[in-house]
Structure formats: C-alpha cells, structure tokens
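Per-entry structural report
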Amino acid sequence: MNSVILTTVGRLVAALLLIFSFFLLLRGHNLPGGGFAGGLVAAGAFVLVMLSEGVPTARRLLGVDPAKLLGIGLLVAMASGFPALFIGKPFLTGMWDKTVWPVLGKVGTPLVFDTGVYIVVLGVVCMIVFSLGGEDAED
Amino acid sequence: MGQLSVIAIAIVFGAAFIAPWLHRRLGDKCGIVLGLVPLAAAVLYASMVPTIAAGGAVAFRSEWVPSLGLAFDLRIDGLSLLFLLLISGIGVFVTWYAAGYLHGKKDLGRFYLYLFGFMGSMLGVVSSDHLVALFVFWELTSISSYLLIGYYHTAARSRASALQALLVTGTGGLAMLAGILLLGRMAGTYRVSELNALDAAALVAQPGFAAVLVLILLGAFTKSAQFPFHFWLPNAMEAPAPVSSYLHSATMVKAGVFLLARLHPLLSASPLWMPIVAPVGAVTMLLGVAMGLGQRDLKKILAYTTLSVLGTLTMLLGIGTEAAVKAAMVYLLAHALYKAALFMCAGSIDHETGTRDPDAVGGLRRAMPFTAAAALLAGLSMAGFPALLGFVGKEYFYKALIATDGQGALWEILGVSASVAMFALAATAAWKPFFGPLLPTPKHPHEAPWTMWIGPILLGVAGLKAGLFPGISGGMLIAPSVHAVLGSADHEIAYKLWHGWTLALGLSGVTVALGIVLYLAAPRIRAASARFAVLGRLGPERCYELLLSGTLGFADWLTRTTQNGYLRNYLLTIFLFTAALVLWTLPSELSLPDSSALIPLQFLPVVVCLLIIAGAVAACLALSRFYAILALGVVGLGVGMLFFLFSGPDLAMTQILVETLALVLFVLAFYRLPLFSHYSKLGTKIRDGIIAAGFGVVMTLVVLAEMGAGGADMSVSKFMGESSLPLANGRNVVNVILVDFRALDTLGEITVLAIAALGVWAIMRLRPKNTEKGGDK
C-alpha cells in the first residue's frame, strides 16, 4: 500500500486519533467514552500508521512490545483494586479524591482501572493486527 | 505459641521459593544451608513438646473465607507433633543427603523447590484442624510428590511412575473430598477437634455414613498404597534416593495412615471400620513382604517392606484397641527412623558402586564404614532386634495381636509371618551388602561424602536410643499421640524394653529363628521369582493401565468428534442449541405485547433496518470475499446507527470502532486465505438459510416476550441509573457499570481479551515456521 496521500496524512491523523483517545478515556466517567472506546481509538491510530507505513514503523512508534502492554494494563487495572483493601472495603471498591484537577477532572481508582482497560485494549488490538499484518505480508 | 505452628510452615514454604536463587549463588553448598530451615522448624516443634506431653494442644486460628465458614485452623496435639517432628527432623537429613547425592546437577535448585514445597504441604496436612485445609495440603503433597518422583523427567519410566502416583493418589483425594463434604454436612462442622468430640455412635448411625467412611478410606488407602492401590509405591522408586527416603519413610505414604489415626475416634465407631480396614491392612502387609522377597533391587526391596509396614499400621488401626493403637504409634516411629536411614544407605550404595542388586554387592564394610554402621543400626531395628526401637515396636505389635479376640490364632500367625519375612529382607538390605566377601562392582566403591552418611547414622542412633530408653520417647511422643488417636487421656501408658518372659517375647524368638532360615534361602527365592513375573502383569496395575488407556482413547474420540475445526459447524451447533433451549422454555412465558407498548414506526429506523437487511443479503450473494466483507461492514455500521437512534451513544461508538477494526482485520487475514474455490451446494445453502431465518425468528420472539410479560424487569436498570452519580461519582452509567459496579467482571473480560491476543499471536508465530520446516523436507 504505497499511497503518497495516505503516508502524508497518516501520521497527522494518527496523532489526532491518539489525542482523541485520551479525551475519550478521561471523559468516560460522565459522558460517552471510556477506556474501552479510548483504547480502540488509540489502536486505530497505530493501525492507520501500520497501513500507511508498515508494521515496523508502527511498532517503533508504539515504542512498547504489545505483549508487554497486555501485562502492564492488567497489572494497572488490578492495582486499582488494592487501595480499597487497606480501608477494609472489598477489592475494587471505587475510591475518589474530591479535588477537581485541570484536564483530568476528578481522580479516583476507577479512572486508574479504566486506564488499565485502555492499555489492555490497545495491546490486544495491536498484537493481533501486527501479527496478522506480519512482516512477511509486507511489500 | 500458636503462631509458632504457622511460622514453621511459612519458613519451609519460604525456603522453597528462595531455593533456586540460593542454588545459583552457592551451588551445591546451598543444600547444607537449606537444611537449617527444617532444623529450625524442628526446634520450634520441639519447644511444644512440654505443653503437649502435659496433655495440652497448640492451636492457631485465622479466618480464611468467613462467608463460607472456612477458617485456617491449625491444631497440634500429640499425633500431629509426632508427625511434625518426623517430617522436619528427617527433612534436615534428606536435605543434606540430597546435596551429596545430586551434587553437580544443574537443576538442584528446582529439586529443593519441590522438596520444600512438599515438606511444607506435609507439615500443613498434619497440623490442620479443618478438613478442607487438610484436603488442600493433601492435594499439594500429591502434586509436589508428582514433581519429585518425576525429577528425572527425561526418562519415560520416571514420568510414567510419577503420573501413576499422581493419578492414583489424586483420584483417592477426590473421593476423600466427597467424603469430607458429606461428613461436614452430616456433622455440621469441618473441624477435626470438634468432630472427634462429637457423639460418634449417633453420627455413625445416620443413614449414608457408610458412604462417608468408604470415601474417606479410599483417600487414605490410595495415599498409603494399600491393596489394591499398592502398585504405585514400588514404581515410585524411579525417584532419586533422597526422595524415596523422604516420601516413603515419614511423609507421603504415612499421610493415609495419619488420616486414619486422625479420624479414628469418630470413624472407628462405625461397625464397618474393623471389617474393612483390618483385612485390607493385613493383605497389604503380607503382599508387601511376599513381593519384596522376589526383588533384585535394594530400593524395590525397601519399597515393598514399606508397603508391608503401611499394611501393618493400617491393620493395627483397624483393630483399634488400646494395645493396637499403642503398637501402631511405636511401630510408626520406629519405621520412620530406620526406613529413612536404609533408603539413604541404599542410595549411597547405588551412588558409590553403581548397582542396587543385592546379589551383586557384598563386603562393602571396609570401603564404606560409616554407611555400613548406619545400615546395620537401622537394619537391626527393622529386623526387630532387642535394644532397638524396632524391637519395642514388634513386641507391642505381638501383644496387640495376642490381645485381639476372635479368629483364634489367625492374627498372631499373620503377624509372625510378616515379621519373619521382614527380618529376612532387613538382613538382605542392611547386612548382605556390607558383610561377606567383597564383590566386584561397576564402580570402585569408596565412602560417600559426610552429607550422605550423617543422616543415616543419626537416625540409626536415634532408633537405638529410643529403644534403650523407651520411657523418654514414650512419655513425650508416644503417649500423647496414643491419647490423640483414642480421643481420650484416661489410659495408663508405660513403655518398657523388657516385659519379662511373655508370649510376645517367645514369638520374637521364633521370628528371629525363622527369619535367619528365610534369609539364607532368599537368594534362591529371588532367582525363582523371575518365573512368576508374569503374575504381576495380571494384578490391579493392569486395571490401572486399561483404565488409563481407555480414558485417553475416549477423550481422543470425543475431541475428534466434537472439535472438528470448522467454524461453520461450531456456529451451527451454537445456533441450533440456543434455539432449541429457547423454544423449550419460551412457549410457557410467551405473551405478545399489545400494540400500545410498542413504539410506532419511524422513518429513519426503518431505512436503517432496510439497509441492514440489504447488507446481509448482499453478503450472502457476494461472489468474492472482498464484497462479502464490505457488505458485512454495512450490516455492522447499520446496527451501530440503530444504537445511536435509540440513545445508546456508548454502544454505538464502540460498535462502530469495533466494526472499523474488524474490517481491517478481515482485509489483513484476507491476504493469507486461498481464493473462494468452491461454493456451497444448493442443499447446504437451503439448510443454512432455514437455520439462519429460524434463529432470527427465535430471537425476535425472545425480544417480544421480554416486552410482553408486563414489561421487562427494570429494577436493576433503575438502581444503576439512580445510584451511579451518588455512589460512584459518574454520570455515564455504562462506564460506571464497567469500571465500578461490575469492575471485577471487566477485569475478567480484559484478562480473556489478553489471552485471546496471545493465542492469535502464538498461531501466527508458529504457522510460518511449520511451513518452512515442511518445505525443507
């Protein structure tokens, strides 16, 4: 797929998609969005790069092995469950800080959990798409 | 003091996990350091001796799953303490012994991981007061012993033996679990101390108690290798010597005997106890020595005598009188001490000479003086020579048999015959290799390193000391354990080496005389036994093999029939099965909604629905994959649009994103697929059409039924909608459900997603390699 237009615009759109994915992740608790949708959009960004510039470039831009993303995401999501245990609540009970931060809004363990979901979804899609679009299927 | 019991188990498990690291740092010396861990545990347990000898118990309790009534209950009484000291004490010597026996092995760290895991599990089994915790530790011993027996995992025989041990003891363990659960329901408690304090006669009279008894006995019999489950134990001799020494002296195989003793106060009240347990024990006792006489391998000889001793202990517990229990406890202690030592000596002989055939070794006493001394002490105890603990044990054994009513002299004859054979086998295993003329062996014999003889010597000396001064061990260890097994403390228990000129002493004399005769005849018996080897192929082991191959064959057939590998067949199965289930239950609930409950037709949704239908039809008629994929995309996006129209923006967004990525995936997969080469036949098409349409109708009925019967139950939706902001700080209910209300479900789902991704990755990674290989050939 050697299209000049796609190559030129691809990265730009991918960057926009990434920003949009963060936006979805952060607003998810109150408005449509969330970690799952955000993760899919972020994955979409890397899929776009892969289609326009090939798997190696997409891998390089992602920077992390997708397999590691799976582990990191699961750990982040699981870690968000532990703070509740310290105050004697069941695992994964949501805990919130009431201050409203700029950009982030209210911060709490569910947001951390959602970030974990985001990372896992990004990892899953990238892993599947990269391996299907594998190096040998290039050119 | 209760915490000490947990700390002891914890340090042993802890040592298991640092063992591989320690081995990398220290090499072979790690074994000597690790040996200090069971030593520390043994010291902790020894500190409990005064409390328990005074009739007390050490207990620890911590809630585990309070909502299920499960607690982590440890309770150490006399019986537990006897076992704990044996497990930790012999554990020290086994750990040191392994450092010498397996020195230079690269995976020694892994070996210690298994060994300490096993040790910790055994400590857990004998100190648990809760039957469920006991079961968990019990299964852990099965698993860790599987790893230990299969330590030489490159040898097929070793793997097969390990699997056999696991399957036999594991199956028994499952039966035991069923028995435990039934017992818990019947008695209303799972705590051993409470069970043993119950009115046993009333409980035993309940209907169904026979099932409880048989199931629990199955667990104990498989673990302790009682006939007809005995065959796994001799096969487990494929394990390295330290493992055999540990598993078959004080630990693994004694766990079954321990369970019988533990639940003795309760279970022995059943009228079935004695008729089942005592004969099974007696058969095992005789079978063990009889088969042992025919063996040409020192370790196998010891294995069969272990079998015989386990039978003896089971028989004594089955008889269950005070004298019998007393005999069982002394015999158990004596056996643990001498058998651990003898297994280690046999291992040393194998290690230093290169053979384990009793007819091929002799006169090693000069080359291996320490090992010879240790073997001699242990062997004398095994043979039941005066002044050693084995003698005391045998005296009590005879006294218990003499005191048993009924059947005339049957018990005495059985007991004496087993002891005579035991004497001959003790001489074969402990005397024959070291005395007489020196025989040439594959390796030039020399003394084993100190790590390998220190343990047997000390164990042998312990047997001698306990025999000479039976009052000390008797008062501290035996009496409390007998009290625990009998469930009451009002028994006068005195221990003596010398009982006067009694019938038991007379029987001992007869035993020694006949034993010497049998020992002299032993080589001829071994030579003749080869002719009877065919009999072994007809025993219960054959049943095991048939059962195993039958199960594997059935599993193979079932997998090939149900897992045919065609996605279309799986889909057909799912659709038909779901439709059948729905149609079975639906008619009784179906009441179509009246038209007022339905939303009137609107222009936009109708157009979208038509688009979806058009997409579906186009996908079916498409002549190339590419068009089919595009048409399916129309269907997916249409569904997304419907979500939008009926105010589900989250769903719509996700649907559209998934649809987009699915399209990309399809296109990528596309590269790798062959062209559409053949199309379905007309008949298949009609069949598929009917199924698809039928399934659509069924799903429509489900939706209508949902709306019909007074509308759907909206209470859950209402609760979620109302409490998402106050309880979870979020206005987006869908997201709040995902990350807060049902976060655990989501955690499970993303784990599944991750595993699926790994699966795809693995398939894609492995496939090209395979084709390359195929190309090379």
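Residues numbered from 1 in each chain as written. Chains lettered and ligands numbered in written order. Predicted model: local features only at pLDDT ≥ 70, side-chain atom pairs only at ≥ 80, totals over all residues. Heavy atoms only, no water.

Okay, the packing of aromatic side chains next. Residue and element names in this part refer to chain B. Per the stated rule, a full pass over the model turns up 22 aromatic pairs over all chains. Ring geometry for Y97 versus Y101: centroids 5.8 Å apart, planes at 20°, classification stacked. Of this pair, Y97 and Y101 are both found in helix 5 (residues 78–101), four residues apart, which corresponds to roughly one turn of the helix. Between the aromatic rings of Y331 and F397, the centroid separation amounts to 5.6 Å while the plane-to-plane angle is 50°, which identifies the pairing as tilted. Placement of the pair is Y331 in helix 18 (residues 322–353) and F397 in helix 20 (residues 389–403), with a sequence separation of 66 residues. (Phe/Tyr/Trp six-rings, centres within 6.5 Å; stacked < 30°, edge-to-face > 60°. Helix = DSSP H or I, 4+ residues; strand = E, 2+ residues; numbered from the N terminus.)

All names here are of chain B. Here helix 14 (residues 252–262) crosses helix 17 (residues 298–319) at 5°, and the two axes come no closer than 10 Å. The angle between the axes of helix 14 and helix 17 places the two elements in the roughly parallel class. Of the residues in helix 17, those touching helix 14 at V253, K254, V257, L260 and A261 are T306, L310, L313, T314 and L317. Among the residues making up the contact of helix 14 with helix 17, the classes are represented as seven nonpolar, two polar and one charged. (Axes fitted to C-alpha atoms, helices over the stretch in contact; angles between N-to-C directions. Parallel < 35°, antiparallel > 145°, perpendicular 65-115°, else oblique. Contact = heavy atoms within 4.5 Å. Nonpolar A, V, L, I, M, F, W, Y, C, P; charged D, E, K, R; others polar.)

Residues and elements named next belong to chain B. Residues I599, F603, L604, V607, L637, F644, L645, F646 and I656 make up a contiguous nonpolar surface patch of roughly 860 Å² in combined accessible area. Where the nonpolar patch is concerned, the elements lending two or more residues are helix 28 (603–621) and helix 29 (625–645). Residue placement: F644 occurs in helix 29. Taking relative accessible area as the criterion, F644 reaches 46% and is therefore assigned partly exposed. (Patch = residues over 30% accessible without salt bridge, like charges linked within 9 Å, V, L, I, M, F, W, Y side chains within 5 Å. Areas by Shrake-Rupley, 256 points an atom, 1.4 Å probe, with all protein chains shown as cover. Salt bridge = Lys/Arg side-chain N within 4 Å of Asp/Glu carboxyl O. Buried < 20%, exposed > 50% of the residue type's maximum accessible area, 1.4 Å probe, protein only.)

We now examine empty space enclosed by the protein. Residues and elements named next belong to chain B. Scanning all chains against the criterion turns up five cavities of 30 Å³ or more. Forming the boundary of the largest cavity are Y331, Y338, S381, M382, A383, G384, G390, K394, S419, M422 and F423. For the lining of the largest cavity, the elements supplying multiple residues, two or more each, are helix 18, helix 19 (369–383), helix 20 and helix 21 (410–430). Grouping the amino acids of the lining of the largest cavity by side-chain chemistry returns six nonpolar, four polar and one charged. (1 Å grid on protein atoms, 1.4 Å probe; cavity = no way out; pocket = protein on both sides within 12 Å on 5 of 7 lines; lining within 4 Å. Points joined across faces, edges and corners; volume = space filled by probe spheres on them.)

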